[in-house]
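Each chain, written out:
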Amino acid sequence: MRHPDYPVWNFLALVLVLLPAPWHWRAKNIATMALVLWLAICNLVGFVNTLVWANDYIDRSPIWCDISSRVSLLAAYAVPLCSLSLMRRLESVASTRRSVITVGSRTKRIWEEVILCVVCPVILAVLQYVVQGHRYDIIESIGCNNPTFMSAPGLIIRYVIPIVLSVSSLVFAALAVRWFLIRRLQFRAILAASDSNLSISRYIRLIALAVTDSTVVLVAVVYSSVSALTDDSSPMEPYTSWSSVHSDFGQVSQFPEELFASSWVTVVLIVYAPILYSILFFTFFGFGEEAIVEYLAFGERVVLWMEKIGLKQKSFEPAFGTRPLNLGSKVVPAVTASHAEGVVRDDVSEKCFQGLESRSDLAPLSHGSVGVGGITVKVERSVV
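Just so it is clear, the model here is predicted, and its values are computed rather than measured.

Here is what the cut-offs are and how they apply
- Residues numbered from 1 in each chain as written.
- Predicted model: local features only at pLDDT ≥ 70, side-chain atom pairs only at ≥ 80, totals over all residues.
- Heavy atoms only, no water.
- Patch = residues over 30% accessible without salt bridge, like charges linked within 9 Å, V, L, I, M, F, W, Y side chains within 5 Å.
- Areas by Shrake-Rupley, 256 points an atom, 1.4 Å probe, with all protein chains shown as cover.
- Salt bridge = Lys/Arg side-chain N within 4 Å of Asp/Glu carboxyl O.
- Helix = DSSP H or I, 4+ residues; strand = E, 2+ residues; numbered from the N terminus.
- Disulfide = S-S within 2.5 Å.
- Buried < 20%, exposed > 50% of the residue type's maximum accessible area, 1.4 Å probe, protein only.
- pLDDT = per-residue confidence, 0-100.
- Polar contact = N/O pair within 3.5 Å; in protein donor to acceptor, adjacent residues only side chain to side chain.
- Contact = heavy atoms within 4.5 Å.
- Axes fitted to C-alpha atoms, helices over the stretch in contact; angles between N-to-C directions.
- Parallel < 35°, antiparallel > 145°, perpendicular 65-115°, else oblique.
- Left-handed = near helix turned anticlockwise from the far one by under 90°.
- Nonpolar A, V, L, I, M, F, W, Y, C, P; charged D, E, K, R; others polar.
- Core = buried A, V, L, I, M, F, W, Y, C linked by side-chain atoms within 4.5 Å.

Considering a nonpolar patch on the surface
Nonpolar side chains collect at one region of the surface, where Met1, Leu51 and Val52 lie side by side and expose about 240 Å² of accessible area between them. With respect to the secondary-structure elements, Val52 resides in helix α3 (residues 30-52).

Topic: the state of the cysteines
This structure, assessed with the given rule, holds 1 disulfide. Each sulfur in the disulfide pair Cys65 and Cys144 lies 1.9 Å from the other. Given an S-S torsion of about -40 degrees, the disulfide between Cys65 and Cys144 has left-handed geometry. Taken together, the residues Cys65 in helix α4 (residues 62-95) and Cys144 in strand β2 (residues 143-145) connect sequence positions 79 residues apart. Both residues of the pair, Cys65 and Cys144, count as buried. Lacking any disulfide linkage, Cys82 is separated from the closest cysteine sulfur, that of Cys117, by 4.1 Å. For Cys82, a relative accessible area of 2% translates into the label buried.

Digging into the confidence of the model for the chain
Looking at the chain, pLDDT values average 79 and 78% of them are 70 or higher. Mean pLDDT across the elements of the chain bottoms out in helix α12 (residues 350-362) (45) and peaks in α3 (94).

Some points on the side chain of Glu140
Take Glu140: it is sitting in the loop between β1 (136-139) and β2. Among the polar contacts made by the side chain of Glu140, one reaches the main-chain amide nitrogen of Glu257 at a distance of 3.0 Å. Residues in contact with Glu140, not counting those within four places in the same chain, are Arg2, Trp53, Asn55, Asp56, Tyr57, Phe255, Pro256, Glu257, Glu258 and Trp264.

Considerations on unusual backbone geometry
For residues besides glycine, phi is generally negative; the peptide bonds are generally trans as well. Unusually for a residue other than glycine, Ser141 sits at a positive phi of about 75 degrees. Tracing the sequence through the fold places Ser141 in the loop between β1 and β2.

Notes on the packing of α4 against helix α5 (residues 103-127)
For the pair α4 and α5, the least separation of the axes is 8 Å and the interaxial angle reads 155 degrees. On the basis of their axis angle, the class for α4 and α5 is roughly antiparallel. Between α4 and α5 lies a crossing of right-handed hand. Mapping the contact onto sequence places Arg70, Leu74, Tyr77, Ala78, Leu81, Cys82, Ser85, Arg88 and Arg89 in α4 and Arg109, Glu112, Glu113, Leu116, Cys117, Cys120, Pro121, Val122, Leu124, Ala125 and Val126 in α5. Classifying every residue of the contact of α4 with α5 by side-chain character gives 13 nonpolar, 1 polar and 6 charged.

Regarding the nonpolar core
Counting residues in hydrophobic clusters, the biggest one holds 50 residues, and the most contacted among them are Leu35, Met87, Leu90, Phe187, Tyr203, Tyr277 and Phe281. Among the elements that make up this core, the one with the highest residue count is α4 (11 residues). Once residues lying within four places of it in the same chain are set aside, the contact partners of Tyr277 are Leu39, Ala75, Val79, Asp213, Val216 and Val217.

Below is the structure:
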């Protein structure tokens, strides 16, 4: 395996992006949950691809490559679309254009977010078929990849659309920050009245996440587009007709790693782009207060499960330490001076017992007391 770090980073990114997911699920934040979903799928596919094709570029599983080659496109579309949806909502909340939240407006917002974050990435990934010159590529150490017929439509679908989405997300982020600065004094009340389950801290973190993700997507796509335009091996060609572009659609191209020595950075972006987005997501939401609460609750469930199956012994500490408590009444035998020696007298002083003994000779036993030769004594002890 030439690059053992590829599957390791994919698996780590998969775990990191799923850790804050429960809180976002309970917060009913569709944009962030969709982002978690797409990043988890991309990292899982990348993990499998980098393991299966770690040392070669053999066409092992055509059906898997048909699916996974399109999944690799989703990150370029899904990340800016989810960021755009998130920024539209935050800008709307901060602008207070909707002073009254109705059931109809809430339902409309939910459907808008579902369409933007779930439906649109799928449509754009399917639209790639228009400019897909052949079935798929297999690159050594990378796995299955979706090819693009370099033409004007191919440039628009593969590169221009993600750039436009990223720029739009950044514009809405700037507007959201502007509204925050204008209304910062009463912003807490605005969030409380917006039915958004947001705090100021979460609002700022969501903006920071969207800005960072959109910027990274913008830089990566611009770099990839420039590399594609300057690549002499696949120059721009006119898109004459559907039949000419898809004339040899069943072709499967297989490439060793050495063929991409001059443009390996562009190829590696296929692997590391979802990883980077996942790490950024965890950076903004994996150390928040709500995430720490989730980790502690999960740890408690693990401990209870281990105790249930016997992997961990139950341990119960006494409420007052290990010293036994002995409070209440105690019957102390009345003794005389003749046999006082050697008698254990609990924790009461010798002088006290002598006083009790002298009184026992003078006072008759009352009804209900202990039988002859005993005095009922109530011993009070303080707990240290």
